Amino acid sequence: MAQDIHGQRLLIIDFGSQYTQLIARRVREIGVYCEIYPFDAPQDFLRDLAPRGVILSGGPESVTLADTPRIPDVIFELGVPVLGICYGMQAMAAQLGGAVRSSSKREFGHAIVARAPESELLATLEGGSTLPVWMSHGDQVSVLPSGFRVTASTESAPIAAMEDASRRLFGVQFHPEVTHTPEGGEMLRHFARDICACDGLWTPANIVDDAIKHVRALVGTDQVLLGLSGGVDSSVVAALLARAIGTQLTCVFVDNGLLRKNERDEVAATFGPSNALNLNLVVVDAEADFMMRLAGVDEPEAKRKVIGSTFIDVFDREAARLDGVKWLAQGTIYPDVIESAASKFGKAHVIKSHHNVGGLPERMKLKLIEPLRELFKDEVRALGRELGLPQSFIGRHPFPGPGLAIRCPGEITREKLEILRKADAVYIDQIRKHGLYDEIWQAFVAILPVKTVGGMGDGRTDDYACALRAV
């Protein structure tokens, strides 16, 4: 009997930390499925998730203030292990009868904690009686709740970790999810796998098998249309759907005029009739549609929504030409959902809408299928390897659906795009020649308005291509 890979889940309560997604990624690397929800999600919903354990994230607020986030009461009613990190630890202490105060000496950066000889949470860590960790806090627990004991401390934070092993409640002031805490990964593994008794079912092979079963049950004999960009996400979706439903899949590549140099030709050559995946590929020239609708639009969110709406119109039009197409497949991944505040509650602050999440119009005729919606980018790459995709696909730098539009501040024009395309091609070619492409997570060129002084000293403003990289 197949095991439910979602059944042994951890719940991550988000208090707004910049590291919350990183916590989830670390837990999943351990082989345990987890989901992120805001601290004010409905309590009945959280109870129905029936998690094996809960992790409380850090956050930018202060527990010492009256109207800052609190841990939902249901978390302590579930009877499962709970790990509070930074703000999560402080909130746990305050709500269970302890006390938190503003520290006279704030800790930001590397620190050394002295750990107690007996600690269930820290029991499997190496390094002896002291551990290097990463701190980021201004408040600290000053009084332990009843039943807790101190399990680690620093010179300025006497209570740097605490636990009530009988109730399986744990708190750490430091951040185990970051690489600057060398033993943090082992601590999270011990919590997720040992303390929460999760078996590690979240593996690429199991995810592929589960996704294929889900797609087949959802789609049946219907035809599916996939918006294929040639990027990592849509390429993995193509490989997954090809294995799941074969000839029921038609891939549509939309040339929206916002592509990198030679992108259209490369995608056609890679995924065309003679490709290894045996895909049915349709190439659509929609540059005129996109440029017409983007004319005069300069606000970033407005541009994203125009692009998303135009994509859907193109897909609806192409679907009408095919028999039996009822589904639109997309490469939406978990960060897209989180950043777009497109969860069931939508209470998080919108970082940005994504063309395939926040930009979808209600009039869309096709039903959505998003096989990667639960996955982070590193998990998508792992799935690609499991599906046999070559490294040239898996290792591609991220290139979002809005394409070069997001690298052109202000109104989009063909002149700007052409400058950007040429500069981008030169830049990417150079980092490949110097062996840097695979060492850099994302490298790109953006058009930025730069104040320049011409030869006549006229002080005009020109648009130049500026090379940037994210490592």
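Refer to the structure presented above.
Residues numbered from 1 in each chain as written. Predicted model: local features only at pLDDT ≥ 70, side-chain atom pairs only at ≥ 80, totals over all residues. Heavy atoms only, no water.

**Quick word on the overall build of the chain**
Selection criterion: Secondary structure counts use DSSP, requiring at least four H or I residues in a row for a helix and at least two E residues in a row for a strand, with both numbered from the N terminus. Only protein chains enter the accessibility calculation, which uses a 1.4 Å probe; a residue whose area is less than 20% of its type maximum is buried, one above 50% is exposed, and one in between is partly exposed. Here, residues are in contact when the closest pair of their heavy atoms is within 4.5 Å. Computed by Shrake-Rupley with a 1.4 Å probe, the accessible areas treat only the displayed protein chains as cover when residues are assessed.
For the chain, the count of helices and strands is 14 helices and 16 strands. Burial analysis of the chain (471 residues in total) assigns 54% to the buried set. In the chain, 72% of the contacts between residues at least 6 apart in sequence involve partners at least 24 apart. Roughly 21,000 Å² of accessible area belongs to the chain as shown, and the carbon and sulfur atoms make up 51% of that amount.

**Some details on helix 4 (residues 87-95)**
The buried fraction of helix 4 amounts to seven of the nine residues, a majority that puts the element mostly inside the structure. Taken together, the buried positions of helix 4 are Tyr87, Gly88, Met89, Gln90, Ala91, Met92 and Ala93.

**Things to note about the pattern of salt bridges**
To be explicit about the condition: Basic side-chain nitrogens of Lys or Arg form a salt bridge, by our definition, when they fall within 4 Å of a carboxyl oxygen of Asp or Glu.
By the definition in use, this model includes 23 salt bridges. A salt bridge links Asp222 to Lys326, with the nearest nitrogen and oxygen atoms 3.9 Å apart. Taken together, the positions of Asp222 in the loop between helix 6 (204-219) and strand 10 (223-227) and Lys326 in strand 13 (residues 325-329) put the pair 104 residues apart, joining distant regions of the chain. The class for Asp222 is buried, based on a relative accessible area of 17%. Relative accessible area serves as the criterion here: at 44%, Lys326 is assigned to the partly exposed category. Its salt-bridge partner being Arg396, residue Glu263 comes within 3.4 Å of it at the nearest N-O pair. Of the two residues, Glu263 is situated in helix 8 (residues 263-271) and Arg396 in the loop between helix 13 (391-394) and helix 14 (414-433); the sequence distance between them amounts to 133 residues. The two residues Glu263 and Arg396 agree in class, both being buried.

**Digging into the side chain of Glu263**
Residue class for Glu263 comes out buried when judged on its relative accessible area of 2%. If sequence neighbours within four positions are ignored, Glu263 has contacts with Ser229, Phe253 and Arg396.

**Some points on the packing of helix 6 against helix 12 (residues 377-386)**
Stated precisely, the cut-off is as follows: Axes here mean lines fitted to C-alpha atoms, for a helix over just the part in contact, with angles spanning 0 to 180 degrees between N-to-C directions. In these notes the angle categories are as follows: under 35 degrees is roughly parallel, over 145 is roughly antiparallel, 65 to 115 is roughly perpendicular, and the rest is oblique. Polarity classes work like this: nonpolar for Ala, Val, Leu, Ile, Met, Phe, Trp, Tyr, Cys and Pro, charged for Asp, Glu, Lys and Arg, and polar for all others, with Gly in that last group.
Viewed as axis vectors pointing N to C, helix 6 and helix 12 meet at an angle of 80°, and their least axial separation amounts to 9 Å. The angle between the axes of helix 6 and helix 12 places the two elements in the roughly perpendicular class. Two secondary-structure elements touch here, helix 6 through Pro204, Ala205, Ile207 and Val208 and helix 12 through Ala382, Leu383 and Glu386. Its residues assigned to classes, the contact of helix 6 with helix 12 comprises six nonpolar, no polar and one charged.

**Structural notes on unusual backbone geometry**
Phi is positive for Ala50, close to 50°, though the residue is something other than glycine. Considering the arrangement of structural elements, one finds Ala50 in the loop between helix 2 (43-49) and strand 3 (53-56). Even without a glycine there, the phi angle at Ala197 is positive, about 60°. Along the polypeptide, Ala197 turns up in the loop between helix 5 (184-195) and helix 6. By relative accessible area, which is 42% here, Ala197 ends up partly exposed.

**Overview of the nonpolar core**
One recurring pattern in soluble globular proteins: nonpolar side chains tend to sit buried together. As a reminder, the rule being used: Nonpolar core, defined: a set of buried Ala, Val, Leu, Ile, Met, Phe, Trp, Tyr and Cys residues in which side-chain atoms within 4.5 Å join the residues together.
Of all hydrophobic cores here, the largest spans 43 residues; its most connected members are Val224, Val236, Leu241, Leu249, Cys251 and Leu372. The set of elements that each furnish at least two residues to this core consists of helix 6, strand 10, helix 7 (232-245), strand 11 (249-255), helix 8, strand 13, helix 12 and helix 13. Looking at this core element by element, the count peaks at 10 residues for helix 7. When residues no more than four places from it in sequence are discounted, the contact partners of Leu372 are Asp233, Val236, Val237, Thr332, Ile333, Tyr334, Val380 and Leu383. Counting 36 residues, the second-largest nonpolar core is a separate cluster that includes Leu83, Ala152, Met187 and Cys198.

**Section: the pairing of strand 2 (residues 33-38)**
Note the cut-off: Strands qualify as paired when DSSP identifies two bridges or more between them. Crossovers are described as right-handed under a simple rule: with the strands pointing away from the observer, the path leading from the first strand over the helix to the second runs clockwise.
Within strand 2, six of the six residues are buried, leaving the element largely enclosed by the surrounding structure. Here strand 2 shows no split at all, with Tyr33, Glu35 and Tyr37 on one side and Cys34, Ile36 and Pro38 on the other all buried. Across six bridges, strand 1 (residues 9-14) lies against strand 2 in parallel orientation. Bridging across to strand 2, Leu10 finds its partner in Cys34. Taken together, strand 1, helix 1 (residues 20-29) and strand 2 form a β-α-β motif whose crossover is right-handed.

**Some points on helix 1**
Counting buried residues in helix 1 gives seven out of 10 residues, a clear majority hidden from the surface. Within helix 1, burial applies to Thr20, Leu22, Ile23, Ala24, Arg26, Val27 and Arg28. Taken from the residues just after helix 1, Gly31 is the one with a positive phi, measuring 100°.

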